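# Structure assessment
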Amino acid sequence: MNIFRSLLGKVWHDPNAAEVVKISEGQLYLVRSGAVRGGRECIYNDAMATIRRVPSVEHHFQLVITRVYEDGDQELLEDEEETDEERVFLIGEELEFRTGTTADGEPTFVWRDLDGDVDELYEFVAPGTNEPTRAFFETCMYRAMYERKYRASADSLADADLQEFIWHPPAAKKSKGKATRKVSAPKSDQVAPSATIPDSAVATTSASPPASTVVQNTPSQSQSSEPDMPTLVSEPAELHLWDKDHGVFVKQADVIARVAHNPAGGQYDYWLAASTDEGQVLAHKLSSEMNQRWSSRVVSFTWNNVDDRGVGNSWCLRFLSEESFNRFREVCTRALWEASNQLLWNKAKPDEQNYVLSSVTEDVEMKDVEDESDEEDAVEEELDKSEDEEEEEYPEEDEEAPAMPKGRNKQLTVGYKGDRSYVVRDDKIGVFSHTGQGQVKYYASISNVATPKGKVFSPKHVMLHDQDTKMVLMNPAEPHALYSLDIERGKVVEEWKVHDDITVDAIAPDNKFAQMTPEQTLVGISHNSLFRIDPRVSGTKMVDSQFKQYVSRNAFSSVATTEAGKLAVASEKGDLRLFDSIGKNAKTALPPLGDPIIGVDVTANGRWIVATTKTYLLLIDTLIGEGRYTGSLGFDRSFPANAKPIPRRLQLRAEHVAYMDNSVSFTPARFNMGEGKEENAIVTSTGQYVVAWDFAKVKKGQLDKYEIKKYDQFVVQDNFKFGDDKEIIVALQNDVLAINKKNLRRPTRASLAAGSRTRSSIVNAPY
């Protein structure tokens, strides 16, 4: 292999070169029955093989087999809904890559089909490829395996260093017993030490510790009689705990941090553990409830934990090297994915694995919560000081205003026309007017919401319709129908039976601004289908020609539309599908990170999507950045398999959550919206807090530039006033109010602890 030194120097040393080596002609076969010449299925009759770098993930490479079209074929296939243009494989030892020759002496490359049975292989036959090119391609495969395994450059490797990656047939098995299961991780990440399952799930401190305090073992932990947990990765680190009084992370101990599998808890029960020479000091179950966050700048991992007493804390592991941090992050991310999806990591396709791993590479620096020394922020905070000390003023109560009925607010919908907002309370809907002075005023209520047959119900979901003259209601007792409420009459006037067998689980307008027009149709989804609803047709209201149903249960949960009527559909599994129209296959399918999506919104032009999970928002840029569809959106064309968008997580910093009384549970996030207006903010809420992100800063990578405001009640829902990027309408459990975005504050100990009193806490009345 030494004859390739100069050539390797040209292609391998250039990190900007996406392609390392390419074989331009060949055929791809799927080989079954354990024999290379056994049952063979031709996948691509004309193909090329390429070794590519994985964008944004250092030391990772892909083997890409791309179909090659003859002249004219590509144009004929371009309009097909779903075309199989390339197969992508993440290069690693698990592929069991090897070389060979056909009966005619043509060179071949063979590797395992990780998505198929154990005896299924892929074979790329490269007729006409000379020996130096074949050997060079083989060498590049081994170098890619080395870099992924050791997270180190292969620039100065000797040939002997690559010998361990040359595949050899396994020796005959001595026993038919099943092997112990391990998480799908590189071998270098599977180390010998084991952690102990604690009797108590948490080792924590209820109060902020002094700087000298070390987290101690409890007797039950050090003397646990539980079986050992196999360790998947083990790295030295510093363990820190957030001191709520002083606003800093305080070092607790030098520890060995581990990710371990607990067989007693099931196949996908993983734990984060830390121990010293004296024994185990911490064990927290891995889940998205941890609000985990990675920072490569300071090689740290922060997360939240609530102990058995309900006390929340913020923890931090700071690793001793970037290599140690990267190893721990990858294995922990895989374990979290398996735990969330209840699926083995190697069952995910290589491009899906890369998508998941890229979601944790976005980085913002972990700093002390008070340490925001930016000049602009400092001036802003100085100007805010006097306002923080003032009590919010509300207009005097109007004695002539009708009394709002008893109950608790459950939903909010903000009007498009007429300056109205509507709040659902059981079987009643409160109507609020926007006064024009940044205030909302209770106007009236629609009582005893009932079907045309007189059966009272509490709407599951409501949506304004037909220039805000109607409201479409979903009745949980009648999932196959929708109900049209005439707002002027304050009465349900029509029942729309959508389908006899298909339920309506969520609805959306025909397009982003359809509610401002007389448009009558709307969009609906069931757990596995997408369809158009037209209340004007006779009989059932589903439009048969605009209906797309999937065979499997996809658990669709929410849908949103762009100004042009393109659709984004999210699911409880956490995946996203982008459609250019109803009735066709999705142009783009983005794999799940593992957490259910409870709401989705999209910018008017379709460029950005924000999907809400319980503990984080997922921001997706739909612009295709490379390939033949560069410049198109994912609604119109499919992303190349090796260039899917990098999902950005918007989440609260663990240090801030430590001051909150409850764990994070976001309500569906929304962009500000208005015809001809650019989206520049995202608003959501969790517990007693309204939270807003500056979208312009987020797009620059400043993912933690959010502002916050606390209330004395739980926030039910919030949204921007239509056509306004500053005024936010907020529905609390017992109040409805408007707040200017400038009154939100950067999260500090003071702003997180101080709650704003609402009118319901000032006077003894619901509003």
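To keep things clear, this report deals only with the structure shown in the data block. Everything quoted here is computed from the prediction, not taken from an experiment. Position numbers for residues start from 1 in each chain and track the written sequence from start to end. Local features in this predicted model are restricted to residues of pLDDT 70 or higher, and side-chain atom pairs are both shown and tallied only at a pLDDT of 80 or more, whereas totals for entire chains, interfaces and linings draw on every residue. Excluded from the side-chain calculation are hydrogens and water; included are all heavy atoms of the structure.

### Focus on the sheet that holds strand β35 (residues 648-650)
For the record, the criterion: For two strands to be treated as a pair, DSSP must find at least two bridges joining them. We count a stretch as a helix when DSSP gives it H or I for four or more residues in a row; a strand needs E for two or more, and each element gets its number in order from the N terminus. Orientation is described by lines fitted to C-alpha atoms, with helices fitted over the stretch in contact, and by angles between N-to-C directions that extend from 0 to 180 degrees.
Spatial ordering of the open sheet is given by β32-β33-β34-β35, a layout of four strands whose pairing is antiparallel. Two strands in the sheet have a free side with no partner beyond their single neighbour: β32 (599-602) and β35. When strand polarity is set aside, the average angle formed by the axes of neighbouring strands in this sheet is 20°. Sheet topology places strand β33 (residues 608-612) next to strand β34 (residues 617-621); five bridges connect them, and they run antiparallel. Within β34, the position partnered with A611 by the bridge is L618.

### Here's the deal with the nonpolar core
Let me state the cut-off plainly: Take the buried Ala, Val, Leu, Ile, Met, Phe, Trp, Tyr and Cys residues and link them wherever side-chain atoms come within 4.5 Å; each set so joined is a nonpolar core. Accessible area is worked out with a 1.4 Å probe on protein chains only. A residue is then buried under 20% of its type maximum, exposed over 50%, and partly exposed in between. Contacts were defined at the residue level, with two residues in contact if any of their heavy atoms lie within 4.5 Å.
Formed by 34 residues in total, the largest nonpolar core has its most connected members in I51, I65, W111, F124 and F137. The set of elements that each furnish at least two residues to this core consists of β1 (19-31), β2 (40-53), β3 (61-67), β6 (107-112), β7 (121-125) and α3 (131-150). Of all the elements, α3 adds the most residues to this core, at eight residues. Ignoring any residue separated from it by four or fewer positions in sequence, one finds I65 in contact with L28, Y44, A47, M48, A49, E85, E86, R87, F89, W111 and F124.

### Structural notes on the pattern of salt bridges
Where charged atoms of side chains with opposite charge meet at close range, the side chains can pair. Under the convention used in this document: Any carboxyl oxygen of Asp or Glu within 4 Å of a side-chain nitrogen of Lys or Arg constitutes a salt bridge here.
One pass over the structure, following the stated rule, counts 37 salt bridges. In this structure, the salt-bridge partner of R148 is E94, at a minimum N-O distance of 2.6 Å. Residue R148 is found in helix α3, and its partner E94 is found in the loop between β4 (86-90) and β5 (98-101); the two are separated by 54 residues along the sequence. On the basis of relative accessible area, R148 is assigned to the buried category, the value being 4%. A relative accessible area of 32% places E94 in the partly exposed class. A salt bridge links K644 to D351, with the nearest nitrogen and oxygen atoms 3.7 Å apart. Placement of K644 in the loop between β34 and β35 and of D351 in helix α6 (residues 350-358) is noted, with a sequence separation of 293 residues between them. According to the relative accessible area criterion, D351 is buried, its value standing at 14%. Each of the salt bridges in this network shares a partner with another, and the network as a whole consists of R32, E41 and E120.

### Things to note about unusual backbone geometry
Even without being glycine, Q342 reaches a positive phi, approximately 55°. Counting through the fold element by element, Q342 comes out in the loop between α5 (322-341) and α6. Look at Q342 and you get partly exposed, because its relative accessible area is 48%. With a phi close to 55°, D426 is a non-glycine residue in the positive phi region. Here D426 is to be found in the loop between β17 (420-425) and β18 (428-434).

### Here's the deal with the sheet that holds β7
Pairing in this open sheet of seven strands is antiparallel, and the strands run β4-β3-β2-β1-β7-β6-β5 from one edge to the other. Of all strands in the sheet, those with a lone pairing partner are β4 and β5, marking the two edges. Taking each pair of neighbouring strands and ignoring which way they run, the sheet shows an average axis angle of 35°. Both β5 and β6 contribute to a ladder of four bridges, which runs antiparallel. Within β6, the position partnered with T99 by the bridge is F109. Helix-sheet contacts for α3 involve β1, β2, β3, β4, β5 and β6, and the interaxial angle to β1 is about 95°. Its contacts with the sheet put α6 on β3 and β4, and the angle it makes with β4 is roughly 55°.

### A look at the layout of surface pockets
One way to see where empty space is left: roll a probe the size of a water molecule over the atoms. Rules: Two kinds of site are reported from a 1 Å grid over the protein atoms alone, namely cavities, where a 1.4 Å probe fits but cannot get out, and pockets, open sets with protein on both sides within 12 Å along at least five of seven lines, and residues are called lining when an atom falls within 4 Å of a point. Grid points are joined across faces, edges and corners, and a volume is the space filled by probe spheres set on the points. Residue classes follow a fixed rule: Ala, Val, Leu, Ile, Met, Phe, Trp, Tyr, Cys and Pro count as nonpolar, while Asp, Glu, Lys and Arg count as charged, and any other residue, Gly among them, counts as polar.
One number sums up the size of the second largest pocket: a volume of about 1200 Å³. Together, 46 residues line the second largest pocket, and H461, I507, V559, R670 and Q717 are the ones closest to its centre. Counting only elements with at least two residues in the lining of the second largest pocket, the list comes to β16 (411-414), β20 (461-465), β24 (506-509), β28 (556-561), β32, β36 (670-671) and β40 (715-720). Considering every element that reaches the lining of the second largest pocket, the biggest residue donor is β28, with six residues. Class assignment for the residues of the lining of the second largest pocket results in 23 nonpolar, 14 polar and nine charged.

### Description of the pairing of strand β25 (residues 522-525)
The side chains of a regular strand alternate, residue by residue, between the two faces of the sheet. Going residue by residue along β25, you find L522 and G524 tucked away on one face and V523 and I525 tucked away on the opposite face as well. With four bridges joining them, β24 and β25 adopt antiparallel strand pairing. Looking at β25, one finds that A506 is bridged to I525. Adjacent in sequence and paired antiparallel, β25 and strand β26 (residues 529-533) are bridged by three residues.

### Brief notes about the side chain of K566
To be explicit about the condition: Here a polar contact is taken to be a pair of N or O atoms separated by no more than 3.5 Å, where protein atoms must pair a possible hydrogen donor with a possible acceptor and residues adjacent in sequence count only if both atoms sit in side chains.
Tracing the chain through its elements places K566 in the loop between β28 and β29 (567-571). Only 2.6 Å separates the side chain of K566 from the side chain of D636, close enough to count as a polar contact. Apart from the residues within four sequence positions on either side, K566 is in contact with A560, T561, F579, D580, F635 and D636.

### Re the environment of T667
Position of T667 among the secondary structure elements: in the loop between α8 (654-657) and β36. Taking the relative accessible area as the measure of exposure, T667 reaches 12% and is therefore buried. Each C-alpha atom, one on T667 and one on S685, is 5.5 Å from the other, the two residues being 18 residues apart in sequence. Not counting the four nearest positions on each side in its chain, T667 is found in contact with T612, T684, S685, V715, V716 and D718. Within the structure, T667 has its side chain in polar contact with the side chain of S685 (distance 2.7 Å).

### Some details on the environment of F165
Along the chain, F165 turns up in the loop between α3 and β8 (194-196). Placed 20 residues apart in sequence, F165 and M145 show a C-alpha to C-alpha distance of 7.2 Å. Discounting residues that sit within four places of it in the chain, F165 has contacts with E93, Y142, M145, Y146, K149 and Y150.

### Quick word on α5
Threshold: Expected helix span is given by 1.5 Å per residue-to-residue step, counting one fewer step than there are residues.
Between its first and last C-alpha atoms α5 spans 28 Å; for 20 residues at 1.5 Å apiece the expected length is 28 Å, and the two agree. Most of α5 is tucked away: 15 of the 20 residues are buried. In the segment just after α5, Q342 is the residue with positive phi, at about 55°.

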